[in-house]
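Single-letter residue listing:
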Amino acid sequence: MWIVAGFFLSLAAAVSCTLVAAFLWRKQSQRRERGATIAALAITALWCVTHAAWGPQATAANLLESARNVAWIIVLYRLFGNDGRDHSLGPIRPLVIALCLVELLQVGVVILDARFGSQAQVHSVTLSVTALLRALVAVGALVLVHNLYAGASAVSRQVIRWAAAALALMWGYQLNLYTVAWFARTMPAEMVALRGLVPVVMAVLLAIGANARAADLKLSASRTVAFQTLSLILIGGYLLGMLLLSQSLSLLGGDFARLTQVAFLFAAATGALLWLPSAKLRGWLRVKAYKHLFQHRYDYRAEWLRFTGTIGRAGPEAPALPDRAAQALADITDSQGAVLLLPAEDGRFQLAGRWQWPEVTVPAEACSPELVATLERAGRVVELDEVRAGAGSSGEQSAVPPWMCHDPRAWAVVPLLHFDRLIGIALLARPPVARRLDWEDFDLLKVVGRQLASYLAEQAGHEALMEAAQFDEFNRRIAFVMHDIKNLASQLSLLSRNAQRHADNPEFRQDMLVTLTKSAEKLNALLARLGRYGASGSASRQSVDLTALARRVAGRCAPLHPVDLTRADQCTVLADPEGLEQALVHLVQNAIDASPPGVPVYLDVSCDGLQGRIEIVDSGTGMSPRFVRESLFKPFVSSKNGGFGIGAFEARELVRAMGGRLDVESREGLGTRFSIALPLSAAAGYLEKNFESEAA
């Protein structure tokens, strides 16, 4: 069996050395050992062929083995020339020459054995001398390999380490082989048969070392390999223990030894049946081994420094905090992109920031309340591949929105919790090298998610305080304005009454009355509108035909800019006619201002049985998610000189006062869609009763 194994391994070694020699011949390189390495590989291949054809004891095989050893010693000497040490280290050359001479002495021993080896005594002596000489050559060569690598500079080590590893393997195996042969007075058949593996591994290492990226290649066992190696060591220790125990018990003899062996096998079989099928137990053991026996994947100091550097970036060129938060979370797992969802004022989560993921389409209502409740309750990172496979453990299958599952790049959903309250949701894109999330990913993402949640909560609280301060200032100003307007309205009303009694000219009196009356009506209407904020608005609601209102607004704006009605469903809603028209005119005017000249603005009126909807769509410049979230519906932010910046805010408040909802979807460079949803007149009572029952 060993002869057959040695035959095939020798052939494999010959093929490997030939292929690598051809590869080095074709590859252009300035390495000083290139020619010597090609010659040594060729001689090694010839030795392997002779070894396979005539056996390891053939005279030709022994002579070629000596030639092979001399060739590799020359390669070893040429390796010192990569950093010029072959000229500066004088003692190296005498040692190399001495090793070559010792190996050449082996030629005489081989010839003597070929002539007189038929005599047992002569063969025994020549075998001992051969083993001793080649062991000495191996020791000297290993000393040279050590000096080669230990004395090399850091840059040279990156170049020669693969060749040094190959030579250390060859001389180390030769040392052990001939040491065993010297003590045993015979060549061990197993080690002789396995000699063919050494040239194969050498050829692979030399091919790697000849690669242009050899300096960047580093061998590092993966965690799976490390865990399996540990498992094999434990199994080997278990088998060795069984062997020692059985041999010890066999010395006792009798029934006691037999009973102990059977009991030992019974305990081992029972333990295997109970432990091995348990996936949970195997996973627990794997996590414990990874945590306490192997190096962690993440350099936590480097990760924390990068995280704080990303979040703490300041200046006018720095991205907004939601964008920085998405980037900081994506950097942790080498993700190629991230999206951050934050709650709006009505509690619905919307797109707030993104990083390197512009193609993802996030709807206006990004996630369902079920997903929010699930993430807030469980607090765990959701791996979307498990959800797609139906393997979720906390009810994520029904809660995760379809747009996340349908996007193949979507990888993981990370909850951002602050004092067990969900502050935000991060969606991570798949990294370049696809892999499963493990315990270390989950732990680090949860910790970073909580830290990000604290930053976002702090920013939200700061913005709320600033907005409250601005509203206080606005309320103080508007109180003075309303008082002055009320006084003016009273004066105008008094003037109107006095003019009726004191004006002599009937025509003048009539004109004055008309003018003053209209002014008083306008001022009173302004007072009514200013006092409307904060009220429910239900007292002034009545049935409004959305289609008729859309046609009226489109006709009013048509002389200035084309406004087209794309759909006109019969839809009667319950709303304040004046307030709804005011909000619609404001939104249409904004769409006209954002659209290029001549490009129409579209109005779309639809009905779903419970609500009526009117949409204002333009093909203008669009708005960024940051502007929609932070500026569009924020008062006191105006692009016009002297403006209060409460137009969009006023439109939304007017719609809300009628029991409706105003939504917006916008993409930069594509356009904007505003949507006003109001309850139908026929369904308004049912919706109010249903809302009251749910609240109760």
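Position labels on residues start from 1 in each chain and follow its written sequence. For this predicted model, a pLDDT threshold of at least 70 governs which residues receive local features, and a threshold of 80 or more governs which side-chain atom pairs are given and counted, while totals over whole chains, interfaces and linings are taken from all residues. Excluded from the side-chain calculation are hydrogens and water; included are all heavy atoms of the structure.

### A word on the overall build of the chain
(1) Moving on: Counting from the N terminus, the helices are the DSSP runs of H or I reaching at least four residues and the strands are the DSSP runs of E reaching at least two. Secondary structure assignment for the chain yields 25 helices and twelve strands.
(2) Moving on: Among the 696 residues that make up the chain, the fraction classed as buried is 40%.
(3) Moving on: Pairs of residues are marked as contacts when any of their non-hydrogen atoms sit within 4.5 Å. Taking the intrachain contacts of the chain between residues at least 6 apart in sequence as the baseline, contacts between residues at least 24 apart amount to 69%.
(4) Moving on: All accessibility values rest on the Shrake-Rupley procedure with a 1.4 Å probe; residue burial counts only the protein chains present in the view. Counting only carbon and sulfur atoms, one obtains 62% of the accessible surface of the chain, whose full area is about 37,900 Å². With a 1.4 Å probe rolled over the protein chains alone, any residue whose accessible area is under 20% of its type maximum counts as buried; one over 50% counts as exposed, and the rest are partly exposed.

### Digging into the confidence of the model for the chain
(1) Moving on: Per-residue pLDDT for the chain has a mean of 78; in total, 72% of the residues score no lower than 70.
(2) Moving on: Considering only residues more than four positions removed or in separate chains, one finds that residues 533–539, a stretch of pLDDT under 50, has six contacts. The quantity known as pLDDT measures the predictor's confidence residue by residue, on a range of 0 to 100.

### Observations regarding the nonpolar core
(1) Moving on: Counting 42 residues, the largest nonpolar core has Leu41, Trp72, Ile73, Leu148, Leu167, Trp171 and Leu206 as its most contacted members.
(2) Moving on: Elements that contribute at least two residues to this core include exactly helix 1 (2–26), helix 2 (34–54), helix 3 (59–79), helix 5 (92–116), helix 6 (120–150), helix 7 (154–184) and helix 9 (197–209).
(3) Moving on: Among all residues touching leucine 206, those that are not within four sequence positions of it are Val20, Thr37, Leu41, Trp72, Ala163 and Ala166.
(4) Moving on: Nonpolar cores are built from buried Ala, Val, Leu, Ile, Met, Phe, Trp, Tyr and Cys residues. Side-chain atoms within 4.5 Å join them into one set. Core analysis: the second largest hydrophobic core is formed by 39 residues, Val601, Leu603, Ala648 and Leu678 among them.

### Here we look at helix 1
(1) Moving on: Each helix should span, by expectation, one fewer than its residue count multiplied by 1.5 Å. Counted at 1.5 Å a residue, the expected span for helix 1 with its 25 residues is 36 Å, and the 36 Å between its end C-alpha atoms agrees.
(2) Moving on: Within helix 1 the residues assigned to the buried category are Gly6, Ser10, Ala13, Ala14, Ser16, Cys17, Val20, Ala21 and Leu24.

### Some details on the pairing of strand 9 (residues 601–607)
(1) Moving on: Along strand 9, five of the seven residues are buried, which leaves the element largely enclosed by surrounding structure.
(2) Moving on: Here, a strand pair is defined by DSSP locating no fewer than two bridges between the strands. When strand 7 (residues 563–568) meets strand 9, the two strands line up parallel, connected through five bridges. The residue of strand 9 that forms the bridge with valine 563 is valine 601.
(3) Moving on: Turn length for the strand 9-strand 10 (residues 611–618) hairpin, with the two strands adjacent in sequence and antiparallel, is three residues, and the turn residue glycine 609 shows positive phi of about 100 degrees.

### Looking at the sheet that holds strand 9
(1) Moving on: Sheet architecture is open: five strands sit in the order 7-9-10-12-11, paired in mixed fashion. Two strands bound the open sheet, and with one partner strand each, they are strand 7 and strand 11 (661–667). Going from strand to strand, the sheet's axes swing by 15 degrees on average, the running direction of each strand aside.
(2) Moving on: The sheet contact formed by strand 9 and strand 10 spans six bridges and is antiparallel. From the neighbouring strand, aspartate 604 faces strand 10, where its bridge partner is glutamate 615.
(3) Moving on: Angles shown run from 0 to 180 degrees and are taken between the N-to-C directions of axes, each axis being a line fitted to C-alpha atoms and, for helices, limited to the stretch in contact. This element, helix 21 (residues 546–557), spans strand 7, strand 9 and strand 10 of the sheet and lies at about 165 degrees to strand 7.

### Observations regarding the pattern of salt bridges
(1) Moving on: Salt bridge, as used here, is a side-chain nitrogen of Lys or Arg placed within 4 Å of a carboxyl oxygen of Asp or Glu. Inspection of every chain in the model, using the stated rule, returns 17 salt bridges.
(2) Moving on: One salt bridge connects glutamate 103 with arginine 134, and the closest N-O pair in it is separated by 3.4 Å. Taken together, the residues span a long stretch of sequence, with glutamate 103 in helix 5 and arginine 134 in helix 6 at a distance of 31 residues.
(3) Moving on: Among the residues examined, glutamate 103 registers a relative accessible area of 1% and is labelled buried.
(4) Moving on: Exposure remark for arginine 134: the relative accessible area of 1% places this residue in the buried category.
(5) Moving on: Two residues, arginine 567 and aspartate 604, come together in a salt bridge whose shortest N-O distance is 2.9 Å. Here aspartate 604 lies in strand 9 and arginine 567 lies in strand 7, a separation of 37 residues in the sequence.
(6) Moving on: The class of arginine 567 is partly exposed, set by a relative accessible area of 39%.
(7) Moving on: According to the relative accessible area criterion, aspartate 604 is buried, its value standing at 13%.
(8) Moving on: Here the residues in one salt-bridge network are Glu65, Glu103, Arg134 and Arg195, joined through shared partners.

### Here's the deal with a nonpolar patch on the surface
(1) Moving on: Candidate patch residues must exceed 30% relative accessible area and have no salt bridge, after which like charges are joined if within 9 Å and Val, Leu, Ile, Met, Phe, Trp or Tyr side chains if within 5 Å. On the surface, Met1, Trp2, Leu194 and Leu197 cluster together to form a nonpolar patch covering roughly 410 Å² of accessible area.
(2) Moving on: Here leucine 197 is to be found in helix 9.
(3) Moving on: Judged by its relative accessible area of 41%, leucine 197 is partly exposed.

### With respect to the sheet that holds strand 5 (residues 421–429)
(1) Moving on: Here five strands make up an open sheet; going across it, the order is 2-1-5-4-3 and the pairing antiparallel. Whereas interior strands pair on both sides, the edge strands pair on one side only; in this sheet they are strand 2 (349–355) and strand 3 (382–383).
(2) Moving on: Bridge count between strand 3 and strand 4 (residues 410–418): two bridges; the pairing is antiparallel. The residue of strand 4 that forms the bridge with glutamate 383 is alanine 412.
(3) Moving on: Running over the sheet, helix 15 (residues 369–378) touches strand 2, strand 3, strand 4 and strand 5 and is turned about 105 degrees from strand 5.

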